[in-house]
Structures are given as structure tokens and as C-alpha cells.
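Given next are the chains, with one letter for each unit.
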Amino acid sequence: MSHATLTVSTVALIALAATGAFAQSRQEIRIVGSSTVFPYSQAVAEQFANQTGAPSPIVESTGTGGGFQAFCAGIGEQHPDIAGASREMRPSEWELCQQNGVTDISEALIGYDGLSIVISRQNDFDWDLSLEEIYLALAAQVPVDGEWVDNPYQRWSEIDPELPDIPILVYGPPPTSGTRDAFVELAMHEGCKELDYVQQGGFDSAWINENCSRMRTDGPFVEAGENDNLIVQRLQADPNAMGIFGYSFLYENLDTLKDVNINGVEANLDTIASFEYPIARPLYIYIKNAHRGVIPNLQEFVEEYMSEDALARDGYLAERGLVSLPDDVRAQTQEAVIAGASMSAPE
Amino acid sequence: MADTPLYGADSPAGSVIDRIRPGLAARRRKELRLKIYGLVAMGIAFGMLALLIGSLVFTGWRAFTQTHVTLDVFLDPAEIRAETLPRGGFDSVLEASLLQYFPEATERAERREVMGILSNGAQFILRDRVVADPSLIGQTIRVTVPTSDSYDQLRKGLIDRETPERLRRLNDAQVERFDRLEAAGVVSQPLNWALLRNADSRFPELAGLRGALVGSFWLLLICFLISFPLGIAAAIYLEEFAPKNRVSDLIEVNINNLAAVPSVVFGLLGLAVFINWFGMPRSAPIVGGMVLALMTLPTIIIATRAALKAVPPSIREAALGVGASRQQVVFGHVLPLAMPGILTGTIIGLAQALGETAPLLLIGMNAFITSAPDGPFQAATALPTQIFIWADSPERGFVSRTSAAILVLLSFLIAMNALAIFLRQRFQRTW
């Protein structure tokens, strides 16, 4: 009999403990969102916990879209306080937020991230591609002799005889990744617009969206999963392969990898900040203002995130590869976000 | 000639053997071939295992040591006062003591670069010592603090000094400064206890598995507390009490099916039911433990039923024969005899749960948290999800730490399986 009693009481105890714990309120700040913003939120969270002794904020990498879904689900301690995003909030996401009562949101532009196309340093060629060439190498469909056909190019030299006679092989992010969205939008669409076929055809952006968004699936473009470190290892092993990832990964591996110049511009902190380097994107965090003053330390955390220590050119986020904002824009953002200015609906 | 004897006069033994003999060599060859196939298969399996462990050890062993610098730090009362603890200028006193080795560094930028030798966590290590014992203020104490990741990589030979300066993580001046410290004899490379003592960090030299170990402990405890009693109760009912009919057959089939359900499905269930519906906290080991318990339950039920079945019916009959009730038979005789088998099954189920990643990702246990949880309701990571996070980090130092974390996880798994084997050998009875 004693065994049975024990079992019943264990289950009861767990149930009791569980209900007791739900009553207690949340002490930690919760951050969700883009995997690109994740390392920066990590850095601020750790710095903040170390300096103030507050409970360490919980940072989760959910992807930009997943982050907004959780962020916009409502007000209350079961919902996250901050969402990181590697693009602006979309109108549909704004709508979702409004419906669930999340109406007062601060938008903070924290800096820029460059997407680099990277190749091993063992490759001797001085790579410099135009967006058009990138498009021709990686798109599912390209124009050949005035016809819109499946991409026939297998070697770089077929696109431009000046380029080396090696097979096209590019590792890139899968469709679920915000990095992929950014690459398609910034490199593929722009490259598509530069094609003679598109310019002479007078196609509009809807046509481009529809026809130029697909990456090829016949081999030369390989979806390598979300793990950028794996791509780095493959590039180190194969000197003819290229990879597409965020600038911070190139920055950490500059001794073995080099970037492919785009339109003659090298990816570095200066060219990304000035948007001279064409595939750069802004990074944001979104703060739920209704939680300020309710979730302990949230305001202090936002102040740390917006501090010069973090965001300035020699700040600790720049050390991790974030390209910081120009001084005047930064000062404006810092002031507005710390004061809790609320954003207007995105277009 | 009513019946022909096998070895009769008209079919002498010799002729049978004669008939068999020509095929004998071929049969032996076949047998030998089968043996060789088996050996080759085993060789390949062991080769794979050796390759896996070998590559893990090859990249991971470096993470088990960490470069440190030992400094004599004067805890200047002008910078650090007992009443302002834990705040204070701990980085400036560290800087003052490190700069004794580099008197030429006077400009701010250069001093910053010198300070870059030490890990960002050095000031907090110093702070914790002073907070623990404020009477140290005003004295000179000797502290050993980790260097930052780049210098650690330099000392471990992972940053090649032959690489052209422009492409190196550390420029010539930085390398030269580190060599001077080395020549002064203050650089050491002790065992990296931080790997087990610290929680996660974005700095590889400070990052450790404590949060993940504590998280995994809570996960397994909750998983055990739920699945062990429930699993045994269900198995006892099915084996000892349930009538054998269509319904119990259906239940049995479903339990077997449940054991084969991919773990990610349990994660989705946990997300939908425990977190979204019951409103339980996200990322908490309590939810993870419950999800893993659902996953482990069928394993335990199946193992327990097998163990109960292995107890000979004569024992039950003997007990019933001297007047014991069914309940007395089960708890007094059958269950104790089946216990080694049940425990073995349970431990193997728990070992499986320890290595499970997919369901934990779905309930948010892959968060970045710089402290270990105090209880099962606080957000935490687990060993496999910690490996997942580290594998995805851009810093070089995490490459070896990922392998080291995998080795730690594997050693826990091996220990658990060894315990299961020990229990089986030690306590199992045969009839």
C-alpha cells in the first residue's frame, strides 16, 4: 500500500508545486526574435546582468517572424518584452499587435549588418562581382538570348569569360532564415533589375517579386542550414566554394576567409554603414512600452542597450560585428527610445 | 526390406560421408564468409565510433585548459570602497597592475588594447572576491584571471604567427605584448574549471555548462518523478490485472506506437498544451521534464512489462497458494524480483531523455541565460540545447567548447548506461 500512497502523493506534490509557481511573477526580462540580432542582445544581457546583479535576461533566437508572433501575442508577463528583428516590422505584424492590445511599441534602430559573400583565402582570384552576375549565377530562372529560361550556367566563366573557369558552388541560408529574405531582396531583386532583359521589358516590381525571388535548386546553390559555422568549415575545406552569411561571421574568420567585392566595394565596417556596400540591412529591436515599469529592470535594460558603451563605434556590440549608426542618428534614437517614444504604423 | 536403416549394410556410412564431403568445403567457405562479413560490419561500426570520438577529442581537448594570467592587484581604497560594493573601479585596478608590464602604454587607445589581453570577466572575478571579503580592500592580492579568447587561441597555436599581420586576429604589437607577459612567467594554462563551474556566456573563455547541467538535472528529476511511478503502475495493471481482450490489445499496440513517435511531436504537444493552454512558464525545466516524461513513459512501460513477464509464474502461484492477495503477490514478490529489469529500462529511457534536443527547442529551452536556474520553474537550458547554441556561435573559441560539451554529455550517457549494466549484472536473478 505504501508504494501506491507514495505515487499518489508524488503526483499531488508536483501538481501543487506547479500551481504555486505560476502565481509568482516574472523577474527576468524576456527577449525573442531574429538570430542576427541574437548575439547583440546576448552581449547586452550579459553585460547588464554582470553590472547590476539583476536576474539574467533570457534571450531566445526564434527568427524575426517567430519573434513578432510571440511579441504581438499580448500584454502580460507570459509574453516577451523585446523582439529583435533583421527587418522593419511588417504592416501585418503591426495589425496583429494592435489586435492583441500591444499598441505602444518603441522601435529602435541599433545598427546595420552586412551580408557578405565569402570565399576561402586559398582561392587566388580577385573576386569582384556585380549584382547582375550574382543574379545570373544563383537565380532559378534567367534570360538567355531573349528567352526567360531555367538557369543554364554551371561555371563562372560561362557568365563572364573574365571569371575563373570553376563550377559555381555557393552555400547559403535556407528559406526560413531572415538572412535569406534579406539576400533575396537586396541582392537578387536588385541584380534582376539590372538585367537588360528586365530593363527593356519594362517589368514592374510585382513582376520582379514574382519571377526573381527563387534561388536555383539544381545544385550550384546549396541550402546549408541555419548553422553558419558549418558553412565556414566547408569553405575552408573547398577553395572554390562560396558562402553567404552575416558580416560578423566573416569578421571572426578573416584569417582564412575573404569577401567577394560587390561592384568593386569591399565589405567592411565603413562601407556597410554608408550603404556603399549594397547588401547591407538595418537591425532593430522593438520594446513593449506597457511592460516598462512592470517587468523589473526593463527600463534599465533598455538604457543599457541604448548606451554609448554598447552602440558606439568602439562599443562592445561593434566588437561583435555590429556596424554602428552615424553619430547623429544614434543620438536621436537613443533619446527617443529611452524616453519610450511610441512608433507609428509601418507602411 | 521393410525399412531401410540409415547406416544399413546396403548404404554404408562411408557412402553418406562420401556424398557430403564434396559440398563440405563450400559449406565451410560460406561459414567463413559469413564470419568475415560480421567482422567487417563490426569493424565499420567501431571505426565510425572511433572517428566520432576521435574528431570530438581532437577539436575538444583544447577547451579543457584555458590560458590565465596571474597578477598582483593593489585594491586601491581610492577606487574601491566597502560602502559602494559591488560597484567599484575593478577594471581600473586591474589595468593599473597589468600596465606595470607595459610602462610604455600611456595613450588611452593603447591602454585599452593592453586591457584586451584580459577577459571581460576578469573584473567580475576580482569583484566577487572582494565582495566575499571586503577586508581585502587596501591590500595587494594575487589573482589568476582568464585571458580573452584571442590570446587563448594564440597560446594554443590556433592563431598562426606565420599568417600575414593584416589577416591575423592579433597584430604584431599584441603578439609581442603577450610574449612579454609569457617571458615574465605570469601566463599559465591550468585546467578549465570554468567549463563546469560557470553558466553560459558570450565570451568563450567564461562560458561554461553549469546552467545546462543544473537544467538537465531538473529535467531528468521531473521526468523520473512522473514517468517512473506512472510507467510502473501502468505496466503492473496491464501485466497483472488487465483482462486479455480486444481493448487491452489495442492499448498495447498504442503503447508500442507511442514509443516510436518522433520526439519533436511531443515538443509541439508541450508547447500547445502545457505552455499555451495551461500557461506554464516557457523555457522552464518543469515543462521540459513533463514533455520528456511523456516520451519516456512508453519505454518504461515496455521495459517494466518485459521484466514482470520474466518473473516465473510459479512464484505468483506459490504466493497465491499460501493465501496472499493479488496486491500482496505483486508488491511482495513479483515487483522486487522484477526491479533490476525495471531500473535498467528506466535508466536507458532517462539516458535517451538526457540527449533529447528537438522537443526542448520547441518549448524554448535553447535560450541564452547567464545564470544557472534555482529551481524547476526558472528558465534554463539543457546539455544538448547548450551544444546547439554553442555550435551556432561565431566566436572561434566555441568550436572547441562545442566538442568539449559533447564529450561531457557523452560521458554522462556512458555513466548512465554503465549503471544500467551494473544493476542488471549485480541484481538480476535467473531461474
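What you see is a predicted model, and the numbers here were worked out from it, not measured in a lab.

Rules used throughout
Residues numbered from 1 in each chain as written. Chains lettered and ligands numbered in written order. Predicted model: local features only at pLDDT ≥ 70, side-chain atom pairs only at ≥ 80, totals over all residues. Heavy atoms only, no water. Buried < 20%, exposed > 50% of the residue type's maximum accessible area, 1.4 Å probe, protein only. Helix = DSSP H or I, 4+ residues; strand = E, 2+ residues; numbered from the N terminus. Phe/Tyr/Trp six-rings, centres within 6.5 Å; stacked < 30°, edge-to-face > 60°. Lys NZ or Arg CZ within 6 Å of the ring centre and 35° of its normal. Polar contact = N/O pair within 3.5 Å; in protein donor to acceptor, adjacent residues only side chain to side chain. Contact = heavy atoms within 4.5 Å. Domains from an automatic or database assignment. pLDDT = per-residue confidence, 0-100. Salt bridge = Lys/Arg side-chain N within 4 Å of Asp/Glu carboxyl O.

Take helix α5 (residues 131–138) of chain A next. Counting buried positions along α5 of chain A gives seven out of eight residues, so the element sits mostly inside the fold. Where α5 of chain A is concerned, the buried positions are Leu 131, Glu 133, Ile 134, Tyr 135, Leu 136, Ala 137 and Leu 138 of chain A.

Counted according to the given criterion, the structure contains 17 aromatic pairs over all chains. Relative to Tyr 197 of chain A, the ring of Trp 148 of chain A lies with its centre 5.4 Å away and its plane at 20°, an arrangement referred to as stacked. One end of the pair, Trp 148 of chain A, is in strand β7 (residues 147–150); the other, Tyr 197 of chain A, is in helix α8 (residues 196–201), and 49 residues separate them in sequence. Residue classification places Trp 148 of chain A among the buried residues on the basis of a relative accessible area of 18%. Residue class for Tyr 197 of chain A comes out partly exposed when judged on its relative accessible area of 25%. Between the aromatic rings of Tyr 151 of chain B and Phe 178 of chain B, the centroid separation amounts to 5.5 Å while the plane-to-plane angle is 35°, which identifies the pairing as tilted. Residue Tyr 151 of chain B is found in helix α5 (residues 149–155), and its partner Phe 178 of chain B is found in helix α6 (residues 172–183); the two are separated by 27 residues along the sequence. Aromatic ring contacts, followed pair by pair, group Trp 148, Tyr 197, Phe 203 and Trp 207 of chain A into a single cluster. Residue placement shows Lys 288 of chain A over the ring face of Phe 71 of chain A; its charged tip is 4.9 Å from the ring centre. The positively charged end of Arg 426 of chain B is found above the aromatic ring belonging to Phe 427 of chain B, 5.2 Å away from the centroid.

This part takes up the side chain of Glu 60 of chain A. Take Glu 60 of chain A: it is sitting in the loop between β2 (58–59) and α3 (64–71). A polar contact is formed between the side chain of Glu 60 of chain A and the side chain of Arg 30 of chain A, at a distance of 3.4 Å. If we skip the residues at most four places from it in the chain, Glu 60 of chain A touches Arg 30, Ile 31, Val 32, Gly 33 and Phe 38 of chain A together with Arg 282, Ser 283, Gly 364, Asn 366 and Ala 367 of chain B.

Once that is clear, we can look at the domain arrangement of chain B. Interface size, as often reported, equals the accessible area lost upon joining of the parts. When cut into domains, chain B gives domain 1 (65–191) and domain 2 (210–427). Here the C-alpha centroids of domain 1 of chain B and domain 2 of chain B sit 45 Å apart.

Residue and element names in this part refer to chain A. With respect to the secondary-structure elements, Asp 81 resides in the loop between α3 and β3 (82–85). Its relative accessible area of 0% is what places Asp 81 among the buried residues. Within polar-contact distance, the side chain of Asp 81 engages the side chain of His 291 at 2.5 Å. Among all residues touching Asp 81, those that are not within four sequence positions of it are Arg 26, Glu 28, Ile 29, Arg 30, Phe 71, Tyr 286, Ile 287, Lys 288, His 291, Ile 295 and Leu 298.

Here we take up the confidence of the model for chain A. In this model, chain A carries a mean pLDDT of 85, and residues with pLDDT of at least 70 account for 92%. The low-confidence segment residues 19–23 of chain A (pLDDT under 50) makes four contacts with residues lying over four places distant or belonging to another chain.

We now examine the domain arrangement of chain A. All names here are of chain A. With domains assigned, chain A is organised as domain 1 (27–113 + 282–339) and domain 2 (114–280). Placing a centre on the C-alpha atoms of domain 1 and another on those of domain 2 gives a separation of 30 Å. Across the contact, 14 residues belong to domain 1 and 16 residues belong to domain 2. Seen at the junction of domain 1 and domain 2, the total is one salt bridge. For the salt bridge of Arg 313 with Asp 270, the shortest nitrogen-to-oxygen distance reads 3.1 Å. At the junction of domain 1 and domain 2, the tally comes to one residue pair in polar contact (both at pLDDT 80 or more).

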